[in-house]
2 protein chains.
Amino acid sequence: MDVRLRDVAERAAVSVKTVSNVVNGSPRVAPDTRSRVQQVIEELGYRPNLSARHLRQGRTGTIAFAVPDLNVPYFSELASSVIAEAKQRSVTVLIEDTGGDRAMESTIAQGFSSSLIDGVILSPLALRRADLARTGRVPLVLLGERDYAKAIDHVVIDNVAAAREATTHLLELGRNRIAVIGVDDQETGRQRVIGYREALAARGIPAEAELMPVTGGFTRAAGAEVMRRLLALPEPPDAVFCFNDLLALGAQRVLLASGRRVPGDVAIVGFDDIEDGRYATPSLTTVAPDKTQIARLAVTLLLDRIETAEPGRQPVLAQAGHELVIRESTSANRTKE
Amino acid sequence: MDVRLRDVAERAAVSVKTVSNVVNGSPRVAPDTRSRVQQVIEELGYRPNLSARHLRQGRTGTIAFAVPDLNVPYFSELASSVIAEAKQRSVTVLIEDTGGDRAMESTIAQGFSSSLIDGVILSPLALRRADLARTGRVPLVLLGERDYAKAIDHVVIDNVAAAREATTHLLELGRNRIAVIGVDDQETGRQRVIGYREALAARGIPAEAELMPVTGGFTRAAGAEVMRRLLALPEPPDAVFCFNDLLALGAQRVLLASGRRVPGDVAIVGFDDIEDGRYATPSLTTVAPDKTQIARLAVTLLLDRIETAEPGRQPVLAQAGHELVIRESTSANRTKE
DNA sequence: ACTGTTCGTTGCAACGTTGTACTGCGAGCG
DNA sequence: CGCTCGCAGTACAACGTTGCAACGAACAGT
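Residues numbered from 1 in each chain as written. Chains lettered and ligands numbered in written order. Predicted model: local features only at pLDDT ≥ 70, side-chain atom pairs only at ≥ 80, totals over all residues. Heavy atoms only, no water.

Participant: Is there a simple way to explain the protein's contact with DNA strand C in this structure?
Facilitator: For DNA strand C, the set of nearby residues contains 24 residues, the closest of which are Leu5, Tyr46 and Arg56 of chain A together with Thr18 and Thr33 of chain B. Measuring from a base nitrogen of DNA strand C, one finds a backbone N or O atom of Ala52 of chain A at 3.4 Å. Within the backbone of Ala30 of chain B, a nitrogen or oxygen atom sits 2.9 Å from a phosphate oxygen of DNA strand C. Looking at the surface near DNA strand C, the elements with two or more residues in it are α2 (16–23) and α4 (50–57) of chain A together with α2 (16–23) and α4 (50–57) of chain B. Counting residues per element, the surface near DNA strand C draws most heavily on α4 of chain A, at four residues. (Near = heavy atom within 4 Å. Polar contact = N/O pair within 3.5 Å; in protein donor to acceptor, adjacent residues only side chain to side chain. Helix = DSSP H or I, 4+ residues; strand = E, 2+ residues; numbered from the N terminus.)

Structure, rendered in structure tokens:
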């Protein structure tokens, strides 16, 4: 049904291999032969059969990008960046939604659909170190966790510094009862807590456990729920630092609904810089990881790892930049209301 | 490097073909042979090489889902549904982001990466009828447009009825200067305008051109911009019906920033039922298309079309359900504030 | 006992591509 | 003038899988 190399070859009166050479830009082709073949390719509308090519080459030119939840804006934005970056290098991206499920993440880390993909970029949520023990079937790059001991490439941001900057910003506004929302048993959260504590410590303010409640999930609902608990404290916070923007938006909604003013009564800082935060009322101050850079680093590391499959290669830890973007939820001058 | 059928066959002392039969669940295999082969498969961790399988079968088991912008929550939510639905039928989904670019959409409709995919589900934004003239390379299902004459399967919702319901809801609140945001030159918008007009006409209210400004894009920014223009009218609207939730959120932000109350001064209805709308302040009344059903219909139609490749098959128009979800942005009883 | 049928299994070929090794040919050189 | 060399182009095999046709063995029916 489809046009094959063979069809082109017959029409152009050359061998199949010569057509293949033209398609692949091999230098061993005379200019006039090349142009003649090119023309026939146009005429017949030839497209290489990728399955055949990949079977022959042992590569598929496809990488997977696995995220916990595609509906979380941070991940969909990151996915767009990864797709764009991969496209520049003529690589196709398969988006996989793990649902934050540990078994699923573990399967993916081991190369799941196997021969369909050359490598995996995985943004883990529930993955444990033990799950990575049996990796190696497929080149792997992890996003956003750094404590896995095994020889696996990572792309991270400096969570400690970012959290410190966010907290310091709130301190500079004169707030001193700063709650954090988003503490769980994962490494990322742990690092952000460290940064938070460092910022407090620098001003001699003690970190209080009641201001660091454990949070279940990273949704607006979770943010709302925790915010309600914080407001019920004898001495509620005058600022909250949320470990992602969804938590922050959920918290903000509760604050506004309770009649409090943001940032007048409670200032809010989020994390991720998702688009929603820019259009919330008030718009959300947030730590903005450089998603473009993260995507570029991840794709680069993965393709490098695919190229040089030697096991001796040292794992790389790449750090992407971040930036504190100050918007209305922490601006001293209120918007009119 | 990888385990092949041949390796399994040698270890189990059967032919390659028998192993293949076991893998594919062919009935012509003796029970004890089957279990023996199964065991060796487990032992060696055999995974079929999909490139080879697909080369042989002429199918890849992969479909593409192309959306204008993966960062638009409606599309990412829809993508999740499509992925889930496809997974149930052991089909892999390739997410493609067209950027709403007409050339890109046209390319995809013609089967772009060719032999990598068996079919395409396309949610067009800028596509014109002419672009579909040269389709047919690849089975195609279109989402959300209905006026393409060619024999192409469609999945739609009843936009006219949905818009009528939304408008009627606003009328029942006692609003009579109802603006619409999201009018452009596309078919979907045109249908929603029809529904809007019908609802007005049913009450003898004339549709005013100044309340139906043309909108560029479906972003929060566009919604904000149009809302500002509407507020500058000599007689501003007391309700707005937005053709998607992002427009509505942008409009709502402008309203709140200008000191107006929602829904007190201006009521808002959106469209799409994205998660953001549920957690906005106030939460957003919206028309909720049944995304799960849309995904199921689209995947079903596409797979049917792939199965029976006969060109004589009639195109199918499948209609998915929708529902008006009433939340705070049109609720009579205000939240405390 | 012999033919016919069924069942489990097998070998072969092919899917479309590309790497390797090779051929034929003209140019350059001694 | 013959030999070598470089270059354009070619033939063949192989990647891992599955459809097809064929095979032998077991068994039922005559």
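Participant: Can you help me understand the relation of the copies chain A and chain B in this one?
Facilitator: One copy of the chain maps onto the second through a rotation about an axis and a displacement along it. When chain A is fitted to chain B, the residual RMSD is 0.1 Å, and the transformation amounts to a turn of 180 degrees plus an axial shift of 0.0 Å. On the angle and the small slide along the axis, the relation comes out as a two-fold axis. (Least-squares fit on C-alpha atoms with pLDDT ≥ 70 in both.)

Participant: What's the story with the packing of α2 of chain B against helix α3 (residues 31–44) of chain B in this structure? I'm lost.
Facilitator: Between two packed helices, both the angle of their axes relative to each other and the distance between the axes serve to describe the pair. Residues and elements named next belong to chain B. Relative to each other, α2 and α3 sit at 90 degrees, their axes nearing to 10 Å. As far as their axial angle goes, α3 and α2 are roughly perpendicular. Residues Thr18, Val19, Asn21, Val22 and Val23 of α2 touch α3, and the partners they reach there are Thr33, Arg34, Val37, Gln38 and Ile41. By residue class, the composition of the contact of α2 with α3 is five nonpolar, four polar and one charged. (Axes fitted to C-alpha atoms, helices over the stretch in contact; angles between N-to-C directions. Parallel < 35°, antiparallel > 145°, perpendicular 65-115°, else oblique. Contact = heavy atoms within 4.5 Å. Nonpolar A, V, L, I, M, F, W, Y, C, P; charged D, E, K, R; others polar.)

Participant: Just to check I follow, could you spell out the protein's contact with DNA strand D for this structure?
Facilitator: Taken together, 24 residues lie around DNA strand D, and Thr18 and Thr33 of chain A together with Leu5, Tyr46 and Arg56 of chain B are the ones closest in. Considering the 4 Å shell around the protein, atoms of DNA strand D inside it are sugar or phosphate in 70% of instances. Residue Arg28 of chain A places a side-chain N or O atom 3.3 Å away from a phosphate oxygen belonging to DNA strand D. The contact in question runs from a phosphate oxygen of DNA strand D to an N or O atom on the backbone of Asn49 of chain B, over 3.2 Å.

Participant: Got a minute to help me understand the sheet that holds strand β2 (residues 92–97) of chain A in this structure?
Facilitator: All names here are of chain A. Taken in spatial order, the six strands line up as β2-β1-β3-β4-β5-β10 in an open sheet, and their pairing is parallel. Edge strands, defined here as strands with exactly one partner in the open sheet, are β2 and β10 (317–320). Neighbour to neighbour, the strand axes of the sheet diverge by 20 degrees on average, direction disregarded. With four bridges connecting them, strand β5 (residues 153–157) and β10 associate as parallel partners. For Val156, the partnering residue across the bridge sits in β10 and is Gln319. Most of the contacts of helix α6 (residues 102–109) go to strand β3 (residues 119–122), to which it runs at about 145 degrees, and overall it touches β1 (62–67), β2, β3 and β4 (140–143). (Pairing = 2+ DSSP bridges.)

Participant: Help me out: how do you make sense of the interface of chain A and chain B in this one?
Facilitator: By a frequent convention, interface size equals the accessible area lost on bringing the separate parts together. Contact residues are listed per partner, giving 49 residues for chain A and 48 residues for chain B. Where chain A abuts chain B, roughly 4,300 Å² becomes buried across the two surfaces, and 51% of that area is made up of carbon and sulfur atoms. Among the residues chain A hides against chain B, the three largest losses belong to Arg47, Arg253 and Tyr279 of chain A. Together they make up 16% of the total. Put simply, chain A and chain B have six salt bridges between them. Measuring nitrogen to oxygen at the nearest pair gives 3.1 Å for the salt bridge that ties Glu328 of chain A to Arg253 of chain B. Elements with a contribution of two residues or more to the side of chain A that touches chain B: α4, α5 (73–88), β2, α9 (220–231), α10 (245–257) and α11 (275–278) of chain A. When the residues that make up the side of chain A that touches chain B are grouped by side-chain class, the tally is 19 nonpolar, 16 polar and 14 charged. (Buried area = accessible area lost by both parts, 1.4 Å probe. Salt bridge = Lys/Arg side-chain N within 4 Å of Asp/Glu carboxyl O.)

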